[in-house]
Amino acid sequence: MWYNNILETIGQTPLVKLNKIVKDIPATVLAKIETTNPGNSIKDRMALKMIEDAEKSGKLKPGGTIIEGTSGNTGMGLAIAAVIKGYKCIFTSTDKQSKEKFDALRAFGAEVIVCPTNVEPEDPRSYYSVSSRLEREVPNSWKPNQYDNLSNSQAHYEQTGPEIWEQTEGKITHLIVGVGTGGTISGTARYLKEKNPNIQVLGIDTYGSVFKKYKETGIFDKDEIYPYITEGIGEDFLPQNVDFSLIDYFEKVSDKDAALMTREIARKEGIFAGNSTGAAVAGALQMKDRFKEGDVVVIIFPDHGTRYLGKMYNDDWLRDRGFLKDGKLTAKDIISKKESTEIITIDCEKTVLEAINVIKLLNISQIPVTQQGMVIGKITESDILNSLMENPGIKSQPVKSISTAPFPFIDLNTSIDRISGMINKDNIAVLVEDEQGKIEIITQYDIINAISA
């Protein structure tokens, strides 16, 4: 048996029992692994449905351009369908999304426009507004509007809900889903509750999003809105696809807990999933008292971990945000183990001869170059030697005439692995500002000394 094209492989994703990660939950916990879709995410389902419905209604015409505001996964589903069906794609997204997502979209020939995250949806710079403007300006274009296009939730009513019901043989008692556009949770919930109204539908929200408070109070509170890191869930407005009447309860999960759980799932279950999956599993653990023995809990695993390699799966990215503390040495540890000395600098207007004398006197091999107290470059023994070989008269010239790019500045939480990778023949040291604002220099010798101390 074979498929006529890649779109026919969408759906019928596996349901996998979780074990180690949910050992504290008395119920059977099952993961709906949506990463087996061709675009590696659940969004393939609704992307194709929105396109097919638009074709039937005449909104999307042959040779047209699909324009959408997307964090990446919906864009991927739309882009794959567009390749097969012969459409162009332009996507707008936010600067908080991972670079891997944008690279993946461009791989399918889509154009990606990155917009600022921290602006109101009505702001002309927001990715919502930019996509709407492009729809007006680009001839023969169509905007799916995944947030308010009810084909989104209908796709899950027709596909995801029935699959879960059949795969659990109707035994599902709880559904846990991260809520972003609301299509997955609302469509799946509608089908499942028609089969069994007692099924509990639990939405995962993030701090900085409006969903939980709105569900519990009916109040749209703008004070709930602030920037957050977790991708794929939460919103600062109310999409039409979110049917609050079908969602029994919302659980909020912090950025840190979502990020760290994303990694734990890979290490304990061997499932390489994305950031919203981490939020969903962390939320399930926070809600463990809601479940009892005999319950069957299904958690949607929406997308694949490859789109988060530069973020949740990157130790330095996590450390920079204070999410990860482990046994590896950091820049802070290194400078605490070295003898505290005043960093030697030289003003850019001093002569090369003066720099030579400083190097000789202090027996050092490099000097940061400053201008009005700010580090603007560096000068090394090899810089001086190469310059003298070309022009012996350079000794009377200012240091700035032969200085090169400054040593990189790093954060106190930067790991020793990353620092080692930054120090090479072109950068023989890095600079770091300590907690008192004093600039320290770290060399290979300092790293060796810290390791052996």
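Relevant structure appears above.
Residues numbered from 1 in each chain as written. Predicted model: local features only at pLDDT ≥ 70, side-chain atom pairs only at ≥ 80, totals over all residues. Heavy atoms only, no water.

K.L.:
Tell me about the pairing of strand β10 (residues 296-301), and please be specific about residues and values.
P.N.:
Here β10 lies mainly inside the structure; six of its six residues are buried. Here β10 shows no split at all, with Val296, Val298 and Ile300 on one side and Val297, Ile299 and Phe301 on the other all buried. Relative to β10, strand β2 (residues 28-33) runs parallel, the two sharing six bridges. When the sheet's bridge partners are listed, Leu30 is paired in β10 with Val298. (Buried < 20%, exposed > 50% of the residue type's maximum accessible area, 1.4 Å probe, protein only. Helix = DSSP H or I, 4+ residues; strand = E, 2+ residues; numbered from the N terminus. Pairing = 2+ DSSP bridges.)

K.L.:
Give me helix α14 (residues 381-390): which residues, what numbers.
P.N.:
The periodicity of an α-helix, 3.6 residues per turn, causes residues three or four positions apart to be oriented the same way. Along α14, the residues classified as buried are Asp383, Ile384 and Ser387. Down the axis of α14, the buried set is contained in an arc of 95°. They therefore lie on one face. Contact partners of the buried residues in α14: α13 (352-362) and β13 (374-380). (Arc of directions from axis to C-beta. Contact = heavy atoms within 4.5 Å.)

K.L.:
Provide a residue-level description of the layout of surface pockets, including the pertinent values.
P.N.:
Approximately 790 Å³ is the volume attributed to the largest pocket. Lys96, Tyr228, Ile233, Gly234 and Glu235 are the residues nearest the centre of the largest pocket, which is lined by 48 residues in total. Those elements that place two or more of their residues in the lining of the largest pocket are α2 (73-85), β4 (88-94), α4 (127-137), β7 (174-178) and α7 (183-195). Sorting elements by how many residues they give to the lining of the largest pocket places α7 first, with three residues. Here the lining of the largest pocket is built from residues that sort into 17 nonpolar, 22 polar and nine charged. Put simply, the second largest pocket is a space of about 550 Å³. In this structure, the second largest pocket is lined by 19 residues; those nearest its centre are Lys338, Thr341, Ile364, Ile441 and Asp446. Among the secondary structure elements, those contributing two or more residues to the lining of the second largest pocket are β12 (366-371), β16 (439-443) and α16 (444-452). The element that contributes the greatest number of residues to the lining of the second largest pocket is β16, accounting for four residues. A per-class count over the lining of the second largest pocket returns eight nonpolar, six polar and five charged. (1 Å grid on protein atoms, 1.4 Å probe; cavity = no way out; pocket = protein on both sides within 12 Å on 5 of 7 lines; lining within 4 Å. Points joined across faces, edges and corners; volume = space filled by probe spheres on them. Nonpolar A, V, L, I, M, F, W, Y, C, P; charged D, E, K, R; others polar.)

K.L.:
Outline the packing of helix α5 (residues 151-158) against α7, listing residues and values.
P.N.:
Closest axis-to-axis distance for the α5/α7 pair is 7 Å, and the angle between their directions is 40°. Compared by their axis directions, α5 and α7 come out oblique. When you trace α5 past α7, the crossing you get is right-handed. Here Asn152, Ser153, Gln154, His156 and Tyr157 of α5 lie close against α7, whose contacting residues are Gly183, Thr184, Ser186, Gly187, Thr188, Arg190, Tyr191 and Glu194. (Axes fitted to C-alpha atoms, helices over the stretch in contact; angles between N-to-C directions. Parallel < 35°, antiparallel > 145°, perpendicular 65-115°, else oblique. Left-handed = near helix turned anticlockwise from the far one by under 90°.)

K.L.:
Talk me through the pairing of β4; I want residue IDs and the actual numbers.
P.N.:
Most of β4 is tucked away, with six of its seven residues classed as buried. With five bridges joining them, β4 and strand β5 (residues 111-115) adopt parallel strand pairing. For Ser93, the partnering residue across the bridge sits in β5 and is Val114. Handedness of the β-α-β unit built from β4, helix α3 (residues 99-107) and β5 comes out right-handed. (Right-handed = clockwise from strand over helix to strand, strands pointing away.)

K.L.:
Go over the pattern of salt bridges with me, naming the residues and quoting the values.
P.N.:
Pairing of side chains with opposite charge becomes possible as their charged atoms draw close. Scanning the entire structure with this criterion turns up 23 salt bridges. Lys49 is paired through a salt bridge with Glu158; the nearest N and O atoms lie 3.2 Å apart. Within this pair, whereas Lys49 is found in helix α1 (residues 43-57), its partner Glu158 is found in helix α5, the two being separated by 109 residues in sequence. Classification of Lys49 as buried rests on a relative accessible area of 12%. A salt bridge links Asp248 to Lys193, with the shortest nitrogen-to-oxygen separation between them at 3.0 Å. Of this pair, Asp248 sits in the loop between α8 (211-217) and β9 (249-253) while Lys193 is found in helix α7, placing the two residues 55 residues apart along the sequence. Residue classification places Asp248 among the partly exposed positions, given a relative accessible area of 32%. Judged by its relative accessible area of 16%, Lys193 is buried. (Salt bridge = Lys/Arg side-chain N within 4 Å of Asp/Glu carboxyl O.)

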